[in-house]
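Spelled out from the first residue to the last, the chains are:
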Amino acid sequence: MTRRSLAPDLTGGDLAPVAKPAVATPAESAARPARRFVTLDPSTVIWVGATLLLVFMIVAPMARLLFSSFQSTETGQLTLENYVTAYGNLRRLVGLGNSLLYGAAVVLVATGFAVPLAWAVARTDMPAKGLVRATVLGAFITPSYLGAIGWILLAGPNAGWLNRLWMALTGAHAGIVNVYSFAGLVLVTALYAFPYIFVFTADALDRVSSEMEEAAHILGLSPFRTILRVTLPLVLPAILGGAIIVFLDTVALFGTPAVIALPARVNIMTLQLWQFFEFPVRAEAAAAYAVPLVLITIAMLALQRTILGRKGYVSLTGKGGGRSLMRLGRLRWAVLGFCFTVCALAVFLPYLALAQAAFSRAWGQGFSFANLTLGNFAYLFGEASSRQVILNTFIFSAATACLAVVLALIVAYVVGRRLVIGGGVLAGLCMAPLVVPGIVLAIGLYAVYSAPPLMLYGTAAILVLGFTTRFLPIAFANCTASLRSLNPEMEEAVRILGGSRFVAVRRVVVPLLKKSLIGTWLLVFIPASRELSTAIFLVAAKTRVISVMILDLSENGSFETLAALGFFLLGVTILIVLAGYRLVGRDFLLRKS
């Protein structure tokens, strides 16, 4: 029964009855926790579940990796034996040193390709900019291991098309280039890594006002010195950011070294890691050998901070900000020639070689009608095992994209709307896989998911979880950026009308961000469909994917079937990109976020 008393009405009216807080009886106090549980917002359960899943997917593998590196294989006790096994061999030390040299060389070559291209596209009157951008996009979506196969067909020491052309023209008995070398490995890797630096640099150049360059001209600096002393220093943070990504990606790269470095007998760290998983599997020693890659990542980020220091790179002040293109005169054709050379090396020539092999009975017999066939595609789609591999790839990639988008949206919403204390920690967890080399992450995932009580090795679940962890940063960055554009007042209106947060997200947030979420889904699906570094450690006989099948075909020398499979993968990727263009916009794939 509600007890009431008379109290002054603050509106100035007559005395009005005011409710007093009721005194709870012991029975009512005992019932409160139960009522709280009943009235608990269902969305809270989802937030908590997503947080636990995040910890399970990201923290557990990294913690397990570190713990395994100190755990004895036989007794399970803590030991340094794994580090002695991993680094007590000169060959493995050489592999580590070669990997660092490989990463540095690729950064230098990729920067030499990317920065002039970005400058030419963003700041000059060079013609055919659209074609150059489209070709850079082509290099970006081409798996590096597939590009490496194209270069084997072009620059193999005896049968490569460039070498055969050289011998036919000059009468020489040997070719002029050999892709099976350290230099060949660096060049091929750089050709598919430079788009990272290009995207960062072109984006920064698009934002820099030309007022400072014009001031430099007025003060007497030549155009060349203006570029060196004004333009490039302003975009140095962008160049460094792209270079660090290229270095870390190269050091942890598996596909291109497996195709080129292994036959060339170039000792690389990732190939050494792979050998730890040959029978008998030594996962603990592999963990010990992989830990320095994390330290290298930390060192690179510290180096970036040191180089940039306290210097100022502000170029957008809100005052003016006009951008004028540099007139190159006749020099623009020379610049265009450089851009087309890079584009030809990265896309035109390898694609041509792959097309010739895909439609040939034997790729070494050259271009002739008698050699043309569709048999490679017929064989590919006629084999039940091949169809299963293709089906696996797209099912796993679609499942990965769905899981990554849902998880990223939930965490981005929790962090963006400040629903929990310590949301920054959740954001950091989502972005953590970005700075962990993919191959290190794969070993950590293997250590967690292949041991009791999970025992997921050999199932599709381990691949989907692995791919999701690997590409979660992409989904989270895009979901966070999308949520920032959404005014929370619309969700609050749903709450005022009695809806839960889950209803607000389902009925307001998701419909309004539909296009952004589709773009995010595509951005995760594309790299997941060609991922190799993670798949090679987690795949089993029944869960093979296209990237692993391409590697197997390369080892068997079946370049015709391999080229047909690669062309199919590229065709699907291009269709997805075109669909993304139509649904989301032209810049959805090459935008900096």
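It should be emphasised that the depicted structure is a prediction, and the values quoted were computed from it without experimental measurement.

Each value, and the rule that gives it
- Just so you know, the residues in each chain are numbered from 1, in the order the chain's sequence is written.
- Where totals are concerned, whole chains, interfaces and linings use all residues; where local detail is concerned, this predicted model gives features only for residues with pLDDT of at least 70, and gives and counts side-chain atom pairs only at 80 or more.
- Here the side-chain values reflect all heavy atoms present in the structure, with hydrogen atoms and water set aside.
- Relative accessibility under 20% of the residue-type maximum defines a buried residue, over 50% an exposed one, and the middle range a partly exposed one, all with a 1.4 Å probe and only protein chains included.
- Labels follow the DSSP assignment, with helices taken as runs of H or I lasting at least four residues and strands as runs of E lasting at least two, numbered in each case from the N terminus.
- In this analysis an axis means a line fitted to C-alpha atoms, helices contributing only their contacting stretch, and an angle means the value between N-to-C directions, from 0 to 180 degrees.
- Roughly parallel refers to an angle under 35 degrees, roughly antiparallel to one over 145, roughly perpendicular to one between 65 and 115, and oblique to any angle outside these ranges.
- The contact criterion used is simple: two residues touch if any of their non-hydrogen atoms lie within 4.5 Å.
- Put simply, Ala, Val, Leu, Ile, Met, Phe, Trp, Tyr, Cys and Pro go in the nonpolar bin, Asp, Glu, Lys and Arg in the charged bin, and everything else, Gly too, in the polar bin.
- Only the six-membered ring of Trp is used, alongside the rings of Phe and Tyr, when aromatic pairs are assigned; centres must lie within 6.5 Å, and planes under 30 degrees apart are stacked while those over 60 apart are edge-to-face, with the rest tilted.
- Note on geometry: a ring has a charge over it if NZ (lysine) or CZ (arginine) is within 6 Å of the ring centre and within 35 degrees of the ring normal.
- Predictor confidence is given residue by residue as pLDDT, running from a minimum of 0 to a maximum of 100.
- Patch criteria: residues need more than 30% relative accessible area and no salt bridge. Like-charged residues are merged within 9 Å; nonpolar side chains of Val, Leu, Ile, Met, Phe, Trp and Tyr are merged within 5 Å.
- Accessibility throughout is a Shrake-Rupley quantity obtained with a 1.4 Å probe, and a residue counts as covered only by protein chains that appear here.
- A pair is scored as a salt bridge if a Lys or Arg side-chain nitrogen falls within 4 Å of a carboxyl oxygen belonging to Asp or Glu.
- Nonpolar cores were defined as sets of buried Ala, Val, Leu, Ile, Met, Phe, Trp, Tyr and Cys residues, with membership established by side-chain atoms within 4.5 Å.

Of all eleven residues that make up helix α25 (residues 546-556), eight are buried, and the element is covered over most of its length. Within α25, burial applies to Ile546, Ser547, Val548, Met549, Ile550, Leu551, Leu553 and Ser554. The positive-phi residue at the C-terminal boundary of α25 is Gly557, with phi of around 75 degrees.

To continue, consider the packing of helix α16 (residues 375-382) against helix α26 (residues 559-583). Where α16 contacts α26, the axes come no closer than 9 Å and their chain directions differ by 75 degrees. When the interaxial angle is binned, α16 and α26 end up roughly perpendicular. Along its contact with α16, which presents Asn376, Phe377, Tyr379, Leu380 and Phe381, the element α26 presents Glu560, Thr561, Ala564, Leu565, Phe567 and Phe568. Of the residues contributing to the contact of α16 with α26, the split by class is eight nonpolar, two polar and one charged.

A few words on the side chain of Thr561. With respect to the helices, strands and loops of the structure, Thr561 is situated in helix α26. Residue contacts for Thr561: discarding those within four places in its chain leaves Asn376, Tyr379, Leu380 and Leu553.

A few words on the packing of aromatic side chains. Taken as a whole and judged by the stated rule, the model has 15 aromatic pairs. Measuring from ring centre to ring centre gives 6.4 Å for Tyr102 and Phe182, while their planes differ by 65 degrees; the resulting arrangement is edge-to-face. A residue pair is termed long-range when its members are at least 10 positions apart, and Tyr102 in helix α4 (residues 90-123) and Phe182 in helix α8 (residues 182-207) qualify at 80 residues. Using a relative accessible area of 0% as the deciding quantity, one classes Tyr102 as buried. One aromatic cluster is present, formed by Phe381, Phe394, Trp521, Phe525 and Phe568 through successive ring pairs. The positively charged end of Arg164 is found above the aromatic ring belonging to Trp161, 4.4 Å away from the centroid.

Okay, unusual backbone geometry next. Most peptide bonds take the trans form, and the phi angle of most residues other than glycine is negative. Backbone geometry at Ala128 places phi at a positive 60 degrees, although glycine is not the residue there. Looking at where Ala128 falls in the secondary structure, it is placed in the loop between α4 and α5 (129-141). The backbone of Arg265 sits at a positive phi, close to 60 degrees, despite the residue not being glycine. Structurally, the position occupied by Arg265 is in the loop between α12 (255-264) and α13 (269-276).

The next subject is the confidence of the model for the protein chain. With 88% of its residues at a pLDDT of 70 or more, the protein chain has an overall mean of 81. Segment residues 1-23: pLDDT under 50, and 18 contacts once partners within four positions in sequence are set aside and those in other chains are kept.

With that settled, the discussion passes to a nonpolar patch on the surface. Taken together, the side chains of Leu66, Phe67, Phe70, Leu78 and Leu80 present a nonpolar region at the surface, about 490 Å² in accessible area. Among the structural elements, Phe70 can be located in the loop between α2 (42-69) and α3 (81-87). Residue classification places Phe70 among the partly exposed residues on the basis of a relative accessible area of 31%.

So, about the pattern of salt bridges. Summed over all chains, the structure comprises five salt bridges. Between Asp206 and Arg133 there is a salt bridge whose closest N-O contact spans 3.8 Å. Of the two residues, Asp206 sits in helix α8 while Arg133 sits in helix α5, which places them 73 residues apart along the sequence. Taking relative accessible area as the criterion, Asp206 reaches 36% and is therefore assigned partly exposed.

This part covers the nonpolar core. Considering soluble globular proteins, one finds that nonpolar side chains tend to be buried as a cluster. Core analysis: the largest hydrophobic core is formed by 184 residues, its most contacted members being Leu54, Val132, Phe194, Phe198 and Phe254. When sequence neighbours within four positions are dropped, the list of residues in contact with Leu54 reads Val59, Leu407, Val411, Leu426, Leu429, Cys430 and Leu472.

Checked against the element boundaries, Leu403 lands in helix α17 (residues 384-416). Of the residues examined, Leu403 reaches a relative accessible area of 26% and is grouped as partly exposed. In this structure, the C-alpha to C-alpha distance between Leu403 and Val464, residues 61 residues apart in sequence, is 8.4 Å. Ignoring any residue separated from it by four or fewer positions in sequence, one finds Leu403 in contact with Val464, Leu465 and Thr468.

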